[in-house]
Amino acid sequence: MSTPPRDIDAATERRIEQMRERRGRKQGRRESVAMVAFSAAFLAAALAVAIVAEPTRDLSPGLALAFAAALALAAGIEFSVGAATAVPTQLVFVPMLLLLPAPYVPLLVAAAFAVRSAWGVLRQGAAPDRALNGVADAWFSVAPTVVVVAFGAQDPGWEHFPVYAVAFGAQLLVDDLIYVARVGLALRVPPREAAADLGLAERVDLLLTPLGLLAALAAVDAPAGALLVIALFPLLVGFEREREGRIERSLELGRAYRGTALLLRDLLEEDDEYTGHHTEDVVALSVQVAEHMGVDEETLRETEMGALLHDIGKIAVPDEIINKAGPLDDEEWAIMKTHTVEGERMLQRVGGLLSSVGVVVRASHERWDGGGYPDGLVGERIPVAARIVSACDAFNAMTTDRSYRKALPLSVAVAELRANAGTQFAPEVVDALIAVVERDAPDWELSLTEPQPAALPAPALSE
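Keep in mind that what you see is a predicted model, and the values were worked out from it rather than measured.

**Q** What is the right way to look at the overall build of the chain in this model?
**A** When helices and strands are counted, the chain shows 20 helices and two strands. Of all 463 residues assigned to the chain, the portion counted as buried reaches 52%. If you take every contact in the chain between residues at least 6 apart in sequence, the share linking residues at least 24 apart comes to 73%. Total accessible area on the chain stands at roughly 21200 Å², and carbon and sulfur atoms take up 61% of it.

This is the structure:
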């Protein structure tokens, strides 16, 4: 079965699910404090601009209200991009900035976004304490307003085009910085991860800004005419629904694959209780090692699910071999080694995401020096996730009681890892695994800094 195309990667999928979950729950203290601080800072900046700057035209309350309402509608068209959303507000914001008294525009934008946030609480299930978060979302309007006012370009005209370019460049820069700071302070999202969400939002702004500018320049003598841009809203809503539908299908597919993986794990545990518990421990350790190595989220997910299912092929191995109270003979080992190929075959039949996990399962008993099975892969040809699972699987096997021996002391197991780094195991994986184990179990009776003699023959590490 072929793998269906995916609309979002693992990292974006995680951030979208976290963002959706956050919307429905009350803000934590840290998030609340950060939002209040950014909202207060925005209001101070917007009021300063409104008080200090001199508008070049009179404020028409009716026109201002109409533009604010249109902006609120535009803010309701949301394209998920991760922890944030992209909204087509440039279609309305640009005409607002050039056709209304510019110094007052940031306050009007804040009012429109506050209305949109309140609507999200009333009709879309957002937590009530998020009703005023829209004020902080209005930060994007401050920088272009300051530039337009400072360079005397409040009245629309082609001669001000260089100023407009500077203004909207400043908008993108300041908006990105504010967003990264907000999610960093409120949600502890690392700057690099936060920046990953900005690509689509920036493209939407860059594509729609020229349309907003053309609408403003065409409506100099009849400012209300710029509101005709709302005719594009139904088209944008259609694009939004199509994209959100694809994202939702991708999320549901990911959940289905995870559910299938958990079901297979449960079947394995029912068939062999030791293997089931062993698998849970290998999953936890593998994820910690992968995170310590700083792998990307695609590899992290493959590691987690590969560890979860690395022994799934043992369902096809006779119980008398699985539970034999002693070392396996050559014939039994030959049968046991088929479990990686059998596991891949099972996952390929499921298809989709589990097909790529099947590759990890198949390679989970390969050796760094090429002496593993079933394909004799060498070094970098072994998938990163499989390298991690292999080392964590062996370490867990050494440190738990088996049917034919007692668990080894942790220090002896670590010595085995060191002794086999560069032969059986990938050296960087061994380094990360030892770092994780030392972090979680620092007080062993033997020092981990001094290698101990190898305690097991190599085949025992390859179960």
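Here the narrative resumes.
**Q** Would you explain the nonpolar core in this entry?
**A** For soluble globular proteins, nonpolar side chains are generally found buried alongside one another. Counting 62 residues, the largest nonpolar core has Phe67, Val92, Met96 and Val109 as the members making the most contacts within it. Per element, the largest residue contribution to this core is nine residues, and it comes from helix 3 (residues 61-75). Sequence-distant contacts of Met96, defined by excluding residues within four places in its chain, comprise Phe67, Leu71, Val105, Leu108 and Val109. Counting residues in hydrophobic clusters, the runner-up holds 39 residues, among them Leu347, Ala426, Val429 and Ile434.

**Q** When you look at the packing of helix 18 (residues 384-398) against helix 20 (residues 427-440) in this model, what are you seeing that I'm missing?
**A** Packed helices, taken two at a time, are described by their axes: the angle between them and the distance between them. Interhelical geometry of helix 18 versus helix 20 gives an angle of 50° and a closest axis separation of 10 Å. When the interaxial angle is binned, helix 18 and helix 20 end up oblique. In terms of crossing hand, the pair formed by helix 18 and helix 20 is right-handed. Where helix 18 abuts helix 20, its residues Arg387, Ile388, Ala391, Cys392 and Phe395 lie against Glu428, Val429, Leu433 and Val437. Classifying every residue of the contact of helix 18 with helix 20 by side-chain character gives seven nonpolar, no polar and two charged.

**Q** Please explain the packing of aromatic side chains as it appears in this structure.
**A** A ring pair, where both rings are aromatic, is described by two values, the distance of the centres and the angle of the planes. Here the structure, examined in full by the defined rule, presents three aromatic pairs. With a centroid separation of 5.1 Å and an interplanar angle of 75°, the aromatic rings of Phe93 and Phe140 are classed as edge-to-face. Of this pair, Phe93 sits in helix 4 (residues 90-99) while Phe140 is found in the loop between helix 6 (133-137) and helix 7 (142-150), placing the two residues 47 residues apart along the sequence. Judged on exposure class, the residue Phe93 and its partner Phe140 are both buried. Ring geometry for Phe113 versus Phe140: centroids 5.6 Å apart, planes at 50°, classification tilted. Placement of the pair is Phe113 in helix 5 (residues 105-123) and Phe140 in the loop between helix 6 and helix 7, with a sequence separation of 27 residues. With respect to class, Phe113 is no different from Phe140; both count as buried.

**Q** What am I meant to see in unusual backbone geometry here?
**A** Note on backbone geometry: most residues besides glycine have negative phi, and most peptide bonds are trans. Cis geometry marks the peptide bond from Tyr373 to Pro374; its omega dihedral reads 5°. One can find Pro374 in the loop between helix 17 (353-362) and helix 18.

**Q** I would appreciate a short explanation of helix 19 (residues 410-420) in the present structure.
**A** In an α-helix there are 3.6 residues to a turn, and that puts residues three or four apart on one side. Within helix 19, eight of the eleven residues are buried, which leaves the element mostly enclosed by the surrounding structure. If you check which residues of helix 19 are buried, you get Ser411, Val412, Ala413, Val414, Ala415, Glu416, Leu417 and Asn420. As for helix 19, its buried residues are in contact with helix 18 and helix 20. Among the residues trailing helix 19, Gly422 stands out with phi positive, at a value near 90°.

**Q** What should I look at first to understand a nonpolar patch on the surface in this one?
**A** On the surface, a cluster of nonpolar side chains totalling about 700 Å² of accessible area is made up of Trp158, Phe161, Leu211, Leu214, Leu232, Leu235 and Phe239. Of all elements in the fold, only helix 10 (198-218) and helix 11 (233-271) reach the threshold of two or more residues within the nonpolar patch. Within the secondary structure layout, Leu232 lies in the loop between helix 10 and helix 11. Overall, the relative accessible area of 35% leaves Leu232 in the partly exposed class.

**Q** Could you clarify how one ought to interpret helix 18 in this entry?
**A** End to end, helix 18 covers 22 Å across 15 residues, agreeing with the expected 21 Å (1.5 Å per residue, within 8%). Summarising burial for helix 18: 14 of the 15 residues are buried, a large majority.

**Q** It is not clear to me how the pattern of salt bridges should be interpreted in this structure. Could you clarify?
**A** Taken as a whole and judged by the stated rule, the model has nine salt bridges. Asp311 is the salt-bridge partner of Lys314, the closest N and O atoms lying 3.5 Å from each other. A relative accessible area of 10% places Lys314 in the buried class. Note that Arg362 is salt-bridged to Asp375, the shortest N-O span being 2.7 Å. Pair noted here: Arg362 is in helix 17 and Asp375 is in the loop between helix 17 and helix 18, with a separation of 13 residues, a long-range link.

**Q** Even after reading the chapter, I still don't get the side chain of Gln154, so can you show me in this structure?
**A** As for its position among the elements, Gln154 is in the loop between helix 7 and helix 8 (161-187). The exposure class assigned to Gln154 is buried, which follows from its relative accessible area of 6%. Not counting the four nearest positions on each side in its chain, Gln154 is found in contact with Glu54, Pro55, Thr56, Arg57, Leu97, Leu98, Ala102, Pro103, Val148 and Val149.

**Q** I'm lost on the packing of helix 3 against helix 4 in this one. Help?
**A** Running from N to C, helix 3 and helix 4 point in directions that differ by 160°, and their axes come no closer than 9 Å. Regarding the angle of helix 3 to helix 4, the classification is roughly antiparallel. In the crossing of helix 3 with helix 4, the sense of the turn from one axis to the other is left-handed. Of the residues in helix 4, those in contact with Leu63, Phe67, Ala70, Leu71 and Ala74 of helix 3 are Val92, Phe93, Pro95, Met96 and Leu99. Here the residues of the contact of helix 3 with helix 4 sort into ten nonpolar, no polar and no charged.

**Q** What should I look at first to understand the confidence of the model for the chain in this one?
**A** Low pLDDT means the predicted coordinates in that region are not meant to be read closely. Overall, the predicted model of the chain reaches an average pLDDT of 82, with 80% of residues at or above 70. Note on residues 1-6: pLDDT is under 50 here. Beyond four places in sequence and across chains, it has 14 contacts. For residues 443-463, every residue scores under 50 in pLDDT, and the model assigns this stretch 48 contacts once sequence neighbours within four places are set aside.

**Q** Got a minute to help me understand the environment of Leu200 in this structure?
**A** Along the chain, the position of Leu200 falls in helix 10. Separated by 115 residues in the primary sequence, Leu200 and Thr85 have C-alpha atoms spaced 8.7 Å apart. Residues contacting Leu200, with those up to four places away along its chain left out, are Phe79, Ser80, Val81, Ala86 and Arg243.

Rules behind the numbers
- Residues numbered from 1 in each chain as written.
- Predicted model: local features only at pLDDT ≥ 70, side-chain atom pairs only at ≥ 80, totals over all residues.
- Heavy atoms only, no water.
- Helix = DSSP H or I, 4+ residues; strand = E, 2+ residues; numbered from the N terminus.
- Buried < 20%, exposed > 50% of the residue type's maximum accessible area, 1.4 Å probe, protein only.
- Contact = heavy atoms within 4.5 Å.
- Areas by Shrake-Rupley, 256 points an atom, 1.4 Å probe, with all protein chains shown as cover.
- Core = buried A, V, L, I, M, F, W, Y, C linked by side-chain atoms within 4.5 Å.
- Axes fitted to C-alpha atoms, helices over the stretch in contact; angles between N-to-C directions.
- Parallel < 35°, antiparallel > 145°, perpendicular 65-115°, else oblique.
- Left-handed = near helix turned anticlockwise from the far one by under 90°.
- Nonpolar A, V, L, I, M, F, W, Y, C, P; charged D, E, K, R; others polar.
- Phe/Tyr/Trp six-rings, centres within 6.5 Å; stacked < 30°, edge-to-face > 60°.
- Patch = residues over 30% accessible without salt bridge, like charges linked within 9 Å, V, L, I, M, F, W, Y side chains within 5 Å.
- Salt bridge = Lys/Arg side-chain N within 4 Å of Asp/Glu carboxyl O.
- Expected span 1.5 Å × (residues − 1).
- pLDDT = per-residue confidence, 0-100.

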